[in-house]
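# Summary of the model geometry
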Amino acid sequence: MFRSKISGLGYYVPENVVTNDDLSKLMDTNHEWIVERTGIHERRHKALEEDTTSGMGVKAARIAMERAGVEAKDIDFVVFATLSPDYYFPGPGVLLQRDLGLNNVAALDIRAQCSGFIYALSIADQYIKTGMYKTVLVVGSEVHSAGLDMTTRGRGVSVIFGDGAGAAVLTRSENENQGLLSTHIHSQGEHAEELSLLAPGMGGRWVTDILKDNDPDDISYTPYMNGQFVFKNAVVRFSEVINEGLEANGLQVSDINMLIPHQANLRISQFIQQKFGLSDDQVFNNIQKYGNTTAASVPIALTEAWESGKIKEGDLVVLAAFGSGFTWGSVVIRW
Ligand code: UT7
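Basis of the calculations
One numbering rule holds for all chains: residues counted from 1, following each sequence as written. Where totals are concerned, whole chains, interfaces and linings use all residues; where local detail is concerned, this predicted model gives features only for residues with pLDDT of at least 70, and gives and counts side-chain atom pairs only at 80 or more. Hydrogens and water molecules were not included; the side-chain quantities draw on all heavy atoms of the structure. UniProt positions are given in the numbering used here, feature names are shortened, and annotations may be inferred rather than shown by experiment. The secondary structure listing takes helices from DSSP runs of H or I that are at least 4 residues long and strands from runs of E that are at least 2 residues long, numbered from the N terminus. Based on C-alpha atoms, the radius of gyration is set beside the globule rule, defined as 2.2 Å times the residue count to the power 0.38. Throughout this description, buried means an accessible area under 20% of the type-specific maximum (1.4 Å probe, protein chains only), exposed means over 50%, and partly exposed covers the range between. Two residues qualify as a contact provided that any one of their heavy atoms is within 4.5 Å of a heavy atom in the partner residue. Here the Shrake-Rupley method, with its probe set to 1.4 Å, supplies the accessible areas, and only the displayed protein chains count as covering residues. We score Asp and Glu as negative and Lys and Arg as positive, and we do not count His or the chain ends. Every charge is mapped to an atom, namely NZ of Lys, CZ of Arg, CG of Asp or CD of Glu. Between N or O atoms, a polar contact is any pair within 3.5 Å; within protein, one atom must be a potential hydrogen donor and the other a potential acceptor, and residues adjacent in sequence are included only when both atoms are from side chains. Stacked, edge-to-face and tilted are the three classes for Phe, Tyr and Trp ring pairs, Trp counted by its six-membered ring, which pair at centre distances within 6.5 Å; planes under 30 degrees apart are stacked, over 60 edge-to-face, the rest tilted. Two conditions define a charge located above a ring, namely a distance within 6 Å from the ring centre to NZ of Lys or CZ of Arg, and an angle within 35 degrees of the ring normal. Between any two strands, pairing holds if DSSP finds at least two bridges. Throughout, an axis means a line fitted to C-alpha atoms (over the contacting stretch in the case of helices), and angles, computed between N-to-C directions, take values from 0 to 180 degrees. Definition used in this section: a nonpolar core is a set of buried Ala, Val, Leu, Ile, Met, Phe, Trp, Tyr and Cys residues joined via side-chain atoms within 4.5 Å. Just so you know, the domain bounds were taken from an automatic or database domain assignment. Neighbouring residues are identified by heavy atoms, a residue being near a molecule or strand if any of them is within 4 Å of it. Note that Gly is not counted as nonpolar here; it falls among the polar residues with everything else outside the nonpolar set of Ala, Val, Leu, Ile, Met, Phe, Trp, Tyr, Cys and Pro and the charged set of Asp, Glu, Lys and Arg.

For the chain, the name recorded in an unreviewed UniProt entry is Beta-ketoacyl-[acyl-carrier-protein] synthase III, with Myroides marinus as its organism. Under the heading Subcellular location (unreviewed entry), UniProt records this for the chain: "Cytoplasm". According to the UniProt record, the Pathway (unreviewed entry) comment for the chain reads "Lipid metabolism; fatty acid biosynthesis."

Each helix and strand counted, the chain has 11 helices and 13 strands in total. In terms of C-alpha radius of gyration, the chain reaches 19 Å, essentially the compact-globule figure of 20 Å for 335 residues. The buried share of the chain, reckoned over its 335 residues, is 55%. The long-range fraction of contacts in the chain, counting pairs at least 24 apart against all pairs at least 6 apart in sequence, stands at 78%. Counting only carbon and sulfur atoms, one obtains 49% of the accessible surface of the chain, whose full area is about 14500 Å². If you average the places of the 28 positive and of the 41 negative side-chain charges in the chain, the two averages end up 2 Å apart.

Looking now at the UniProt feature "active site" (unreviewed entry) in the chain. Annotation from UniProt places "active site" (unreviewed entry) at Cys114, His262 and Asn292. What stands out for the annotated residues spanning 179 residues is how close their C-alpha atoms remain, the widest pair being 8.8 Å apart. Turning to its location among the elements, His262 is positioned in the loop between β11 (258-261) and α9 (266-276). Judged by its relative accessible area of 1%, His262 is buried. With sequence-adjacent residues up to four places away left out, His262 is seen in contact with Cys114, Phe238, Asn292, Thr294, Ser297, Val298, Ala320, Ala321 and Phe322. Here the side chain of His262 touches Ser297 through a polar contact of 2.6 Å, side chain to side chain. Note that Asn292 resides in the loop between α10 (287-290) and α11 (297-307). Beyond its immediate sequence surroundings of up to four residues, Asn292 is in contact with Ile40, Cys114, His144, Ile160, Phe161, Gly162, His262, Gln263, Ala264 and Ile287.

On to the packing of aromatic side chains. In total, this model carries eight aromatic pairs according to the counting rule given. What links up through ring pairs into an aromatic cluster is the set Phe229, Phe322, Phe326 and Trp328. Seen from the ring of Phe2, Arg172 lies directly overhead, with NZ or CZ sitting 3.6 Å from the centre.

A few words on the sheet that holds strand β7 (residues 164-172). Within the open sheet, the five strands sit side by side as β1-β7-β6-β4-β5. Their pairing is mixed. Every other strand in the sheet has two partners, leaving β1 (4-12) and β5 (106-110) as the edge strands with one partner each. Direction aside, the axes of adjacent strands within the sheet are offset by 20 degrees on average. Sheet topology places strand β6 (residues 135-142) next to β7; eight bridges connect them, and they run antiparallel. Bridge pairing in β7 places Glu142 opposite Gly164.

Feature annotation in UniProt places "domain: Beta-ketoacyl-[acyl-carrier-protein] synthase III C-terminal" (unreviewed entry) on residues 246-335, given in this structure's numbering. Overall, residues 246-335 shows 32% helix and 22% strand. The separation of its end C-alpha atoms is 15 Å.

For strand β13 (residues 327-334), the tally of buried residues reaches seven of eight residues, placing the bulk of the element in the interior. Sheet topology places strand β8 (residues 179-187) next to β13; eight bridges connect them, and they run antiparallel. Its bridge partner lying in β13, Gly179 is registered against Arg334. Relative to β13, strand β12 (residues 316-323) runs antiparallel, the two being bridged by eight bridges. The partner of Gly323 across the bridge, within β13, is Thr327.

Counting residues in each nonpolar core, the largest one holds 35 residues, and the members touching the most others are Ile6, Leu170, Ile260, Leu302, Val317 and Leu319. In terms of residues, this core owes the most to one element, helix α5 (residues 116-130), which gives seven residues. Shared between two domains, this core takes at least three residues from each, and those domains are domain 1 (3-175) and domain 2 (180-334). Residue contacts for Ile260: discarding those within four places in its chain leaves Phe284, Val298, Ala301, Leu302, Ala305, Ile311, Val317, Val318, Leu319 and Ala320.

Relative to the elements of secondary structure, Ser24 occurs in helix α1 (residues 20-24). Setting aside chain neighbours within four positions, we find Ser24 in contact with Thr29 and Asn30.

Take the site of the ligand next. In the vicinity of the ligand lie 25 residues, with Thr29, Arg37, Gln228, Asn265 and Asn292 positioned nearest. The separation between an oxygen atom of the ligand and a polar side-chain atom of Arg155 is 3.0 Å. One of the side-chain nitrogen or oxygen atoms of Asn292 is found 2.7 Å away from an oxygen atom of the ligand. In terms of residue count, the dominant contributor to the shell around the ligand is helix α8 (residues 227-248) (five residues). Taken together, the residues that form the shell around the ligand break down as 12 nonpolar, nine polar and four charged. Here the shell around the ligand gathers at least three residues from each of two domains, domain 1 (3-175) and domain 2 (180-334).

In structure tokens form, the structure reads like this:
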């Protein structure tokens, strides 16, 4: 078995900064409520025509590939995580494969929402471990702003989410002690509808139904979240899956140099930090600037933490996420 490692990281966010005050002009909300309940000060919304899910993924991927020192011809496989694809089908993986000019390699789309990047890393890791692929491009990208209910009716969701993309290049590690030590992924479909966007869907309401009914009270095509229920489950699953990762490797909480939690809510990150007794230097948060960017949040945070020198060679880095599905997971990395 081989070991995989992250050889390059990159992210891209649209230039359009949307502040809490901007949102309070559209709906009944205010800066104080949003900061107190979520920690978010601002987020990005798509600005340019090319700020599509695949387009932003391409920009993040180019940076990650340059930093990894790999070219388009070197990529063996693409794993792309998103809940906001450019098209209903095909998924954004093939659009990115085309736009980056990759060989005709497989492009796999992952639908695991906030845990999407963790799932994607886990899949990429398996292919590298077996020796089937040497270089895998893993991308998480979201354009939430195009699909949110920007009225008071949608305020419980729309103030939280933002647009952005992050990418990582995984390669075979030359050093068996360095790289991804383990990945752990889970789901609980019992709570599928607690954080969901129900339409359009072949099992429920399709676009033609929505257009035909033209019902202003129909909320099936904007995201729904049972916030408090999701919050309570998030703190439990985050803790469980971080412990699972540590135990699998015979490690202790005190071994963690950097925890990168999915940026769902600053209060969730702070709860986890407190529960594990970690210092401010051991947990990275940037939800204040970007909101919750779902599948992009972990790679954006990981890239920023690495760029700012907060992750050094030899560090133990733990990534963890929880979200719609419910899905959750962790990745333990020796950097
Ligand atoms: O990324 C995937 C995983 N996601 C999460 O883990 C998110 C988990 N949930 C949360 O982060 C929080 O539950 C929220 C931030 C979504 C909501 O915070 P909360 O403290 O749970 O608030 P709440 O939903 O209980 O709402 C409290 C009040 C309500 O008013 P009443 O009924 O008390 O009069 C809401 O209508 O706040 C009201 N409210 C707002 N007020 C101003 C809800 N959204 C807003 C808003 N601005 N944007």
